[in-house]
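Fold and geometry: a report
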Amino acid sequence: MRAGLALLAALPLVAAAQATGGRDHDLTSGEPAAQALVQVDSGHRALVVTAGPFRLPAASASMAGMPHDMMGDTNLPVARFEWPLDTWVRGAQVKVVDGRGQPLPRQLLHHLTIENFDRRELVYPVAERLLSMGKETQDISLPRTVGIPMKAGQRLGVWVMWENDTGRELDSVFLRITLRWTAPNQVPRPINALPFHVDANLHVVGHNTFDVPPGGVSKIFEFTVPVGGHLLAASGHLHDHGVSLRLEDGETGKPLVTVTAKRDTEGHVLGVSRELLALRGQGPHLSARHRYRLVVRYDNPTADTLTDVMGIMGGLFAPDDIRRWPPINPQDSTYAADLRLLSPDQLPEGQAGAPAVVALDAMSHRSGTSGGRPVWRPVLLGSLSVVLTGFADEEIRIEVQRNGGPDARETGAEISHWSPPLALGIGAGLLGVGLGAHHPALARTGRDALVAMGVAGLLTTAVKIVVGRARPEANLGTDYFAPFRSPTHDNSFPSGHTSQAFSLAAVIAAHTRQPMLRFTVYGAAAVVGIARVAADRHFASDVVGGAILGTLVGRGVVHHFASGASRVGLAPMVAPGRVGLALNRRF
């Protein structure tokens, strides 16, 4: 499990409060109820739920002091829908927008909860809280090595609590939720991880808030889990003056994980820390039927009692054997009470057809894009760069040969000689080390690099044949072209050494978040291009063309494999006791 979990540094996982009651009131008093549009965007591997419009009255002074779970008119059933396919959820984004699609303050959303009615929670025998997000919660993005497994047909429901403290009424408010999934045919398959949710004061029938007297309080909740597993990551949800959430062994008192609130000088909670527990190792192991304890700390520097506060820890839990995950028991009284409050029947149907607001419908997959970005822009800019550089080709060549002399030419030739085998060796080495060390990230980098260099080589050869530009050492000038006539080795545009080097650099840069490594690999590729000019084997515009071609190919290959777009794919396989390459075909 350790392999691949190092990418959890990209995990902005935060849990927020769950919906505390099944109120079916609408904020649009006297107006039609809000509707929900559910769209499947296969091109971006996302499911988009758009709900609205809502009318949010400004919170009055009396409402500002009212407990949230007493504000029935703000806790709304928003949408219900069925999950469309067997895959893994790996990301979530929530936006609040107006009728024109323009963003509104995220603080309008006190919390949002997505219920999965066909799977139960780990700690409680109630419907799974697949996702909870508060106003302080960042977008969620998991690495491809980890995902929340979902089955086609699982019934989901969305609940939201609004909190309009803007001082003015807001009309035509829309909620847009984007759930991203992993390619169903990904090899290796992601590690199955399920939501981990512990509330310090959960009452299925009643309020899950508590009071904090002057001076502060520690709220304690003890629990067991029905199946063992590793806690991969943890964060939480606290109200103002919250200090920390600590999970500890209930029998020994040993702390397992602590998340802390980020507060301003007045005690307002700005966010909650994220503990990425599987960066080194597998994360703390929770044993089945062992006693654990959640301890929530609040400060209260005022002379009054703080009311209506919450303490919830959430995260990701990888069960030892997901087949032992306890099923839903319809006869359980707690589950029955929870279902009465959060019944799917209270939720509006997802609507088919056109979206409620045309401006929100930006989900259609457009051709001519790469990773959601138009391809023609970098191609146009690259072509312009080649043309502009071409005007100075002869001057650059004369200057390099005059100032560099024989030594520069010899050095350039030496670098040119060793750069292709070195680039191929790096790609093969990354693939081999990744497979041998059971490190899927390295293996994927090596695979992408080898494929990108191969594709770049083929495209470079094809363009050389089509363009037929003479090399500088032929002394035929910068504008001599013999398309489809000159042998490939006599053709100059684009530089094959450079396209190979930049395709390798682009792949490595796409697989790392280290700015220094990106700078290093692109710098090394630039050295190869300069060496080709110094060796008098290419004009400067040849090198620019090769750099652009190699970069586009490298990025395209990475995106191609990451999106799972190919029907036939080659992927590194890392499994207990065996490593290798897997050839898979999607039907």
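Before reading on, note that the structure itself is shown above.
The structure contained in this document is the topic of the report that follows. (Residues numbered from 1 in each chain as written. Predicted model: local features only at pLDDT ≥ 70, side-chain atom pairs only at ≥ 80, totals over all residues. Heavy atoms only, no water.)

What follows concerns the pairing of strand E4 (residues 87–97). Extensive coverage of E4 is indicated by the burial of eight of its eleven residues. As paired elements, E4 and strand E8 (residues 146–150) share three bridges and run antiparallel to each other. Within the sheet, the bridge partner assigned to Trp88 lies in E8 and is Pro149. Strand direction decides the pairing type here: E4 and strand E10 (residues 170–181), joined by eight bridges, are antiparallel. Of the residues in E10, the one forming a bridge with Lys95 is Arg176. By the bridge criterion, two bridges tie E4 to strand E7 (residues 140–141) in an arrangement that is antiparallel. The partner of Ala92 across the bridge, within E7, is Ile140. (Buried < 20%, exposed > 50% of the residue type's maximum accessible area, 1.4 Å probe, protein only. Helix = DSSP H or I, 4+ residues; strand = E, 2+ residues; numbered from the N terminus. Pairing = 2+ DSSP bridges.)

Next up on the list: the side chain of Asn208. Looking at the secondary structure, you find Asn208 in the loop between strand E12 (194–199) and strand E13 (210–212). With a relative accessible area of 1%, Asn208 lands in the buried category. Reaching out from Asn208, the side chain makes a polar contact with the side chain of Asp199 at a distance of 2.9 Å. (Polar contact = N/O pair within 3.5 Å; in protein donor to acceptor, adjacent residues only side chain to side chain.)

A few words on the environment of Gln102. Tracing the chain through its elements places Gln102 in the loop between E4 and strand E5 (109–120). We classify Gln102 as partly exposed; its relative accessible area is 43%. Sequence separation of Gln102 and Phe174 is 72 residues, and the distance between their C-alpha atoms is 9.9 Å. Apart from the residues within four sequence positions on either side, Gln102 is in contact with Val96 and Val97. (Contact = heavy atoms within 4.5 Å.)

Turning our attention to helix H7 (residues 515–534). With 20 residues, H7 ought to run about 28 Å at 1.5 Å a step, and its terminal C-alpha atoms sit 28 Å apart, in line with that. All buried positions along H7 are accounted for by Val521, Ala525, Val528, Gly529, Ala531, Arg532, Val533 and Ala534. Asp536 sits one or two positions beyond H7 and adopts a positive phi of about 60 degrees. (Expected span 1.5 Å × (residues − 1).)

Now for the sheet that holds strand E21 (residues 292–298). The five strands lie next to each other as E14-E21-E16-E17-E18, forming an open sheet whose pairing is antiparallel. The open sheet has two free edges, formed respectively by strand E14 (217–223) and strand E18 (269–272), since each of these has just one partner strand. Within this sheet the neighbouring strands show an average axis-to-axis angle of 15 degrees, counted without direction. In the sheet, strand E17 (residues 255–263) pairs with E18 via three bridges, with the strands oriented antiparallel. Within the sheet, the bridge partner assigned to Lys262 lies in E18 and is Gly271. (Axes fitted to C-alpha atoms, helices over the stretch in contact; angles between N-to-C directions.)

This part is about the packing of helix H6 (residues 496–510) against H7. For the pair H6 and H7, interaxial distance at closest approach is 9 Å and the crossing angle is 180 degrees. Classed by the angle they form, the pair H6 and H7 counts as roughly antiparallel. When H6 is examined against H7, the residues His497, Thr498, Ala501, Phe502, Ala505, Ala506, Ile508 and Ala509 are found in contact with a partner set consisting of Leu517, Arg518, Val521, Tyr522, Ala525, Ala526, Val528, Gly529 and Arg532. Here the contact of H6 with H7 is composed, by residue class, of twelve nonpolar, three polar and two charged. (Parallel < 35°, antiparallel > 145°, perpendicular 65-115°, else oblique. Nonpolar A, V, L, I, M, F, W, Y, C, P; charged D, E, K, R; others polar.)

Across all of its chains, the model carries 20 salt bridges by this definition. Linking Glu169 and Arg55 is a salt bridge whose minimum nitrogen-to-oxygen distance equals 3.2 Å. Placement of Glu169 in the loop between strand E9 (155–162) and E10 and of Arg55 in strand E2 (residues 46–56) is noted, with a sequence separation of 114 residues between them. Between Asp299 and Arg263 there is a salt bridge, with the nearest N and O atoms lying 3.7 Å from each other. Of this pair, Asp299 sits in the loop between E21 and strand E22 (306–309) while Arg263 sits in strand E17, and the two are 36 residues apart along the sequence. Connected through shared salt-bridge partners, Glu222, Arg246, Glu248, Arg291 and Arg293 make up one network. (Salt bridge = Lys/Arg side-chain N within 4 Å of Asp/Glu carboxyl O.)

Moving on, we get to the packing of helix H4 (residues 393–436) against H6. Relative orientation and spacing of two packed helices are given, respectively, by the angle between their axes and the distance between those axes. For the pair H4 and H6, interaxial distance at closest approach is 10 Å and the crossing angle is 30 degrees. Looking at the two axes, H4 sits roughly parallel to H6. Of the two elements, H4 crosses H6, and the hand of that crossing is left-handed. Across the interface between the two elements, Ser416, Ser419, Pro420, Ala423, Leu424, Ile426 and Leu430 of H4 pack against His497, Gln500, Leu504 and Ile508 of H6. When grouped by side-chain class, the residues that make up the contact of H4 with H6 number seven nonpolar, four polar and no charged. (Left-handed = near helix turned anticlockwise from the far one by under 90°.)

With that settled, consider the packing of aromatic side chains. One pass over the structure, following the stated rule, counts nine aromatic pairs. Residues Trp83 and Trp181 carry aromatic rings whose centres are separated by 6.1 Å and whose planes lie at 80 degrees to one another, so their mutual orientation is edge-to-face. Here Trp181 lies in strand E10 and Trp83 lies in the loop between strand E3 (75–82) and E4, a separation of 98 residues in the sequence. The residues Trp83 and Trp181 share a single accessibility class, namely buried. Considering the side-chain rings of Phe221 and Phe223, the 6.0 Å spacing of their centres and the 15 degrees angle between planes classify their relative orientation as stacked. Members of the aromatic cluster, each reached through a chain of ring pairs, are Tyr124, Phe221, Phe223 and Tyr292. (Phe/Tyr/Trp six-rings, centres within 6.5 Å; stacked < 30°, edge-to-face > 60°.)

Turning next to unusual backbone geometry. Residue Pro53 is reached from Gly52 by a cis peptide bond, and omega for that bond is 0 degrees. Along the chain, the position of Pro53 falls in strand E2. In this chain, Phe493 is followed by Pro494 through a cis amide linkage whose omega measures -10 degrees. Structurally, the position occupied by Pro494 is in the loop between helix H5 (440–467) and H6. Positive phi is not limited to glycine here, since His241 has a value of about 75 degrees. Examined against the element boundaries, His241 turns out to sit in the loop between strand E15 (229–238) and strand E16 (242–249).

Geometry only, nothing functional implied.
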